[in-house]
Amino acid sequence: MLRIIKPMEKKYLQSSLDLVETVFTAWDSPEEGKTVRSLVEEIRSKKYYLPELELIMVDETDRILGYAMFSRFHIEGKYEDELLILTPVAVRTEYQRQHISKELIEYGFEKAADLGYKAVLVEGNPKNYNPRGFVTSAGYGIVAGPSIHLPHPSCLMVKELVPGTLAHIRGVVDYSIYKTLNEGE
């Protein structure tokens, strides 16, 4: 099967939302699927959106197999031109465990570094992200704020794209810029 990674194009905007919602609904719940879909729509509407880092993988029939979005992020109003957040990552359920997310994420690292970004933050299962070079962010003084409910502190991770960058990036991570993640609180 042919697998092609490319940045988002207009013709994939809707089908990528459908993929994200379907994957997160199957993984968690219909509510989670809708929340993650809304988050993607919200990020696309904000100044933090980087269309060149909203990535999809398609097959030879032009069907989306996987999706990953890197967008600009700040901690306490700083680092916005150096730091990205990786969220969400979704792979069509029947193609999971075939290195699609790995290829998308690693392609994203290369593109992000080429664009001058220096580090990437992610929240998720360390088993999924440690193999991609992510480490627990708390070890660098980057911690989750009180409104972020992590199963464990190791679930907030960071990866340097430029060695030594994390020597000066620190602070409390807060998702208040995302209305989608703060509804119902």
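See the structure printed just above.
Small disclaimer: the values here were computed from a predicted structure and weren't measured.

Undergrad: Before we go on, may I ask you to explain the overall build of the chain in this structure?
TA: For the chain, the helix and strand inventory stands at five helices and nine strands. Moving toward the C terminus, one meets the helices and strands of the chain in the order β-α-α-β-β-β-α-β-α-β-β-β-β-α. Relative to the globule expectation of 16 Å for 185 residues, the C-alpha radius of gyration of the chain, 16 Å, shows essentially globular dimensions. Over its C-alpha atoms, taken along the principal directions, the chain stretches across nearly 45 × 40 × 30 Å. Here the chain has roughly 9,100 Å² of accessible surface; of this, 52% comes from carbon and sulfur atoms. Side chains of the chain give 22 positive and 27 negative charges; the mean places of these two sets differ by 2 Å.

Undergrad: Looking at this structure, how should I read the pattern of salt bridges?
TA: Side-chain pairs of opposite charge can arise whenever the charged atoms involved come near each other. Following the criterion strictly, the structure yields 16 salt bridges and no others. We note a salt bridge from Arg-3 to Glu-103, for which the minimum N-O separation is 2.5 Å. Note that Arg-3 is positioned in the segment before strand S1 (4-7) and Glu-103 in helix H3 (residues 100-114), a separation of 100 residues in sequence. Among the residues examined, Arg-3 registers a relative accessible area of 25% and is labelled partly exposed. You can call Glu-103 partly exposed: its relative accessible area is 30%. Within the structure, one salt-bridge network assembled from shared partners comprises Lys-6, Glu-9, Lys-11 and Asp-62.

Undergrad: It is not clear to me how the sheet that holds strand S8 (residues 156-160) should be interpreted in this structure. Could you clarify?
TA: Across a sheet, paired strands are connected by hydrogen bonds in the backbone, their directions being either parallel or antiparallel. Across the sheet, which stays open at both edges, the seven strands sit in the order S1-S2-S3-S4-S5-S8-S6 with mixed pairing between neighbours. Each having just a single partner strand, S1 and strand S6 (135-136) make up the two edges of the open sheet. Bridge count between strand S2 (residues 54-58) and strand S3 (residues 64-72): five bridges; the pairing is antiparallel. Within the sheet, the bridge partner assigned to Val-58 lies in S3 and is Ile-64. Relative to strand S4 (residues 83-91), helix H1 (residues 13-27) is tilted by about 75 degrees, and along the sheet it contacts S2, S3 and S4. Along the sheet, H3 contacts S1, S2, S3, S4, strand S5 (119-123) and S8; its crossing angle with S3, the most-contacted strand, is approximately 35 degrees.

Scoring rules and cut-offs
- Residues numbered from 1 in each chain as written.
- Predicted model: local features only at pLDDT ≥ 70, side-chain atom pairs only at ≥ 80, totals over all residues.
- Heavy atoms only, no water.
- Helix = DSSP H or I, 4+ residues; strand = E, 2+ residues; numbered from the N terminus.
- Rg over C-alpha atoms; globule rule 2.2 N^0.38 Å.
- Areas by Shrake-Rupley, 256 points an atom, 1.4 Å probe, with all protein chains shown as cover.
- Lys, Arg positive; Asp, Glu negative; His and termini not counted.
- Charge placed at Lys NZ, Arg CZ, Asp CG, Glu CD.
- Salt bridge = Lys/Arg side-chain N within 4 Å of Asp/Glu carboxyl O.
- Buried < 20%, exposed > 50% of the residue type's maximum accessible area, 1.4 Å probe, protein only.
- Pairing = 2+ DSSP bridges.
- Contact = heavy atoms within 4.5 Å.
- Axes fitted to C-alpha atoms, helices over the stretch in contact; angles between N-to-C directions.

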